[in-house]
Amino acid sequence: MKNNQEEFTARVDALATKWDISAVLLMENREGVMLEKAYGYADRKAGRKMTLQDRFCLSAHVNFFLGLCVLHLYEAGKFSLNAKVGEWIPEYKTGAAVTVSQLLRAESGIPDELYQVRIPALQKDPAHAALSNEEKFQREFEEKVKDVSFEEVLRHIEGKELDHIPGQEDDGNTTAISFLAEIIRRASGLLPREYLMQHIFRPLGMEDTRPGNDETVMHQGCMGDDQLVPLPRAEARHCFTTTLSDMNKLARAIAEKRLFSEKTMKLALKCKREFCGLGFCKQGDLYFADEFPSLAGDYLRMYFQFEEGMSWVYLLGEELISRHEENEWRAFSNEVRRAWQYERAYPKKPELKKVTGKNVWDAMEIQIRPEQLSFVPDAKSCIASSLAHRQPVYVLMDHGLPVGIAALTIKPRQKEYHVSFLQVDHRLQGRGYGRILLTHAVRLLKEAGAKKLEIGVNRFNIPAQKLYMSVGFQLDTVYEGFMRLKMEL
């Protein structure tokens, strides 16, 4: 176990260097701290290195923190999670039937007053148009984080119809944030930041978490995909500063399910559209804090694996840059998450699913080593070729990860049945998944009517030969570059 932790830490170090991040990270499970490190700069311009004691400015007006307030009020019997907006904000008639849960799941349909009203108004302002791109980016950040009264929010969306039927689409709506904050205020008499301080943070002993910003906090936003730009200091009523140690206290309370009752946690983690719960989202077998939108300058990432009692917190003083690599968008956050998931993924509940429009992107994530490309095409090519010929493709999923794909040829009239392509993600090879995937493929072909199977394999692809023979294929013919294997069903 110690060696695995050291290997994972080394992998995180390498990714931190690759992405040049400025952040603090802490990963902990029931056995104790697994990883705790600081990377990069607290103030890049001044050359001040990041430390584990540095402070970060966050906003209470994000789905995660508002969700904690809502869940706490729900447990206190203040309102139902299915309470209607009209019950709490009767002056807003258009969205009266929208529920608190729909606000939290970002599926309310209420028009976005920031991006549909305020930012477009800036775009039309000649003074704004005369600014440089960097100055525009900074000015729009100020617009995002400034205090706007709820009355002003209502004026901005007055007369506008809902963007869609509530509960049917995801909208990532900043107006929903304002509505949630107002409902919390009307239900408790407190602004969300003060509610968090009194009912969540202080009871957990988070003494280093304080209202307002801090002069030591420096913000860097990402303009485009990879250009860091200094940002003005956020001073809004929803901002607070905190430390890694304090955020870990919150994370441990959630991971150990001490913050809410079992019933409330089940409701919070019940994910609907796009894997969104009530302040939490799901990715594979990991849950994470829904921090949309970032309204303070610094960034929080918080992951949970409840079966293992694992929590993972990292605070970033600079917005993550992203790049398009190997046909997919990558950033430090998703590369580290994937590294951790693949590190611990061994067969648990593997499930074979037919590739459809809902999971094709999962299937296309499967990677093989460059040297394997001489034996088999990459996943995208396998999928495209099979679907073009109207032949079925299956993806094996486990731990919420795409493990491997099997493309089959099923032509009953020609009595042609065989495995066209089969591959397991190189990060999961050697763990028994290949045999599981191939066994499923053989079963499907037999069920489709196959009496015998043939498969061609590169003569120098020894691991593949061993795999096929392990499920019953036998050597039939050997050619110069490949061999044919057969199986009677």
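Before any of the text, the structure's been laid out above.
Participant: An account of the overall build of the protein is needed here, citing residue identities and associated values.
Facilitator: Looking only at helices and strands, the protein features 17 helices and 22 strands. In terms of overall dimensions, the protein has C-alpha extents of about 80 × 50 × 50 Å along its principal axes. Within the span of the protein, comprising 489 residues, buried residues form 52% of the whole. Taking the contacts inside the protein whose residues are at least 6 apart along the sequence as the reference set, 67% of them involve residues at least 24 apart. By element, 49% of the accessible surface of the protein is carried by carbon and sulfur atoms, the whole surface being about 22,800 Å². Of the side chains in the protein, 67 bear a positive and 69 a negative charge, and the two mean positions are spaced by 7 Å.

Participant: Go over empty space enclosed by the protein, please, and point to the residues and values.
Facilitator: Under the criterion given, the structure shown has 3 cavities of 30 Å³ or more. In this structure, the second largest cavity encloses a volume near 60 Å³. Contributing to the lining of the second largest cavity are Ala42, Arg48, Met50, Asp54, Arg55, Phe56, Thr216, Val217, Met218, Asp298 and Gly317. Its residues assigned to classes, the lining of the second largest cavity comprises 5 nonpolar, 2 polar and 4 charged.

Participant: Pulling in residues and values, what's your account of helix H7 (residues 133-145)?
Facilitator: Taking 1.5 Å per residue as the helical rise, H7 with its 13 residues ought to reach 18 Å, and the 19 Å between its terminal C-alpha atoms agrees with that figure. If you check which residues of H7 are buried, you get Phe141, Glu143 and Val145. Buried positions along H7 lie against helix H5 (113-124) and strand E8 (227-231).

Participant: Can you break down the layout of surface pockets residue by residue, with the values?
Facilitator: What the second largest pocket holds in volume is close to 750 Å³. If you go around the second largest pocket, you meet 32 residues; those closest to its centre are Leu422, Asn461, Ala464, Leu467 and Tyr468. Of all the elements in the fold, those that place two or more residues in the lining of the second largest pocket are strand E19 (416-424), helix H16 (433-447), strand E20 (452-458), helix H17 (462-470) and strand E22 (482-488). By residue number, the principal contributor to the lining of the second largest pocket is E19, which donates 7 residues.

Participant: Before we move on, could you go through the packing of helix H2 (residues 63-75) against helix H9 (residues 174-188) and cite the residues and values that matter?
Facilitator: Between H2 and H9, the least distance of the axes is 10 Å, while the angle of their chain directions is 30°. Judged by the angle between their axes, H2 and H9 are roughly parallel. When you trace H2 past H9, the crossing you get is left-handed. Residues Asn63, Leu66, Cys69, Val70 and Leu73 of H2 form the contact with H9, whose own contacting residues are Ile177, Leu180, Ala181, Ile184, Ala187 and Ser188. When grouped by side-chain class, the residues that make up the contact of H2 with H9 number 9 nonpolar, 2 polar and no charged.

Participant: Can you break down the sheet that holds strand E5 (residues 56-59) residue by residue, with the values?
Facilitator: Pairing is antiparallel in the open sheet, where 3 strands are placed in the order E5-E9-E6. In the strand order of this sheet, the two ends are held by E5 and strand E6 (210-211), each with one partner. Helix H10 (residues 192-201) rests against E6 and strand E9 (239-242) of the sheet, and its axis sits at about 40° to E9.

Participant: If you had to explain the sheet that holds strand E21 (residues 474-478) to someone new, which residues and values would you point to?
Facilitator: Across the sheet, which stays open at both edges, the 3 strands sit in the order E20-E22-E21 with antiparallel pairing between neighbours. In the strand order of this sheet, the two ends are held by E20 and E21, each with one partner. Sheet twist, expressed as the average angle between the axes of neighbouring strands with direction ignored, equals 30°. Relative to E22, E21 is paired through 4 bridges, and the arrangement is antiparallel. When the sheet's bridge partners are listed, glutamine 474 is paired in E22 with lysine 486. Against the sheet, H17 contacts E20, E21 and E22, and its axis sits at roughly 165° relative to E20.

Participant: Quick one: what's the story with the side chain of arginine 338, residue by residue and with numbers?
Facilitator: In this fold, arginine 338 is placed in helix H13 (residues 332-344). Owing to a relative accessible area of 15%, arginine 338 belongs among the buried residues under this scheme. When near neighbours in sequence (up to four residues on either side) are disregarded, arginine 338 contacts Glu365, Leu401 and Pro402.

Participant: Give a description of the pattern of salt bridges that names residues and reports values.
Facilitator: Applying the stated criterion across every chain, the model contains 34 salt bridges. Arginine 11 is the partner of glutamate 343 in a salt bridge, and the nearest nitrogen-oxygen pair spans 3.0 Å. Of this pair, glutamate 343 sits in helix H13 while arginine 11 is found in helix H1 (residues 2-19), placing the two residues 332 residues apart along the sequence. A relative accessible area of 36% means that arginine 11 is categorised as partly exposed. The salt bridge partner of arginine 139 is glutamate 143, with a shortest N-O separation of 3.1 Å. Of the two residues, arginine 139 and glutamate 143 are both situated in helix H7; the distance of 4 residues between them amounts to about one turn of the helix. Under the relative-accessibility criterion, arginine 139 is labelled partly exposed at 29%. Within the structure, one salt-bridge network assembled from shared partners comprises Lys18, Arg323, Glu325, Arg330 and Glu335.

Participant: Got a sec to walk through the environment of glycine 212? Specific residues and values, please.
Facilitator: With respect to the element layout, glycine 212 can be found in the loop between E6 and strand E7 (219-223). The sequence separation of glycine 212 and arginine 193 amounts to 19 residues, and the corresponding C-alpha distance is 9.6 Å. Apart from the residues within four sequence positions on either side, glycine 212 is in contact with Arg193, Cys239, Phe240 and Thr241.

Here is what the cut-offs are and how they apply
Residues numbered from 1 in each chain as written. Predicted model: local features only at pLDDT ≥ 70, side-chain atom pairs only at ≥ 80, totals over all residues. Heavy atoms only, no water. Helix = DSSP H or I, 4+ residues; strand = E, 2+ residues; numbered from the N terminus. Buried < 20%, exposed > 50% of the residue type's maximum accessible area, 1.4 Å probe, protein only. Contact = heavy atoms within 4.5 Å. Areas by Shrake-Rupley, 256 points an atom, 1.4 Å probe, with all protein chains shown as cover. Lys, Arg positive; Asp, Glu negative; His and termini not counted. Charge placed at Lys NZ, Arg CZ, Asp CG, Glu CD. 1 Å grid on protein atoms, 1.4 Å probe; cavity = no way out; pocket = protein on both sides within 12 Å on 5 of 7 lines; lining within 4 Å. Points joined across faces, edges and corners; volume = space filled by probe spheres on them. Nonpolar A, V, L, I, M, F, W, Y, C, P; charged D, E, K, R; others polar. Expected span 1.5 Å × (residues − 1). Axes fitted to C-alpha atoms, helices over the stretch in contact; angles between N-to-C directions. Parallel < 35°, antiparallel > 145°, perpendicular 65-115°, else oblique. Left-handed = near helix turned anticlockwise from the far one by under 90°. Pairing = 2+ DSSP bridges. Salt bridge = Lys/Arg side-chain N within 4 Å of Asp/Glu carboxyl O.

As far as function goes, none of this settles anything; it's purely spatial.
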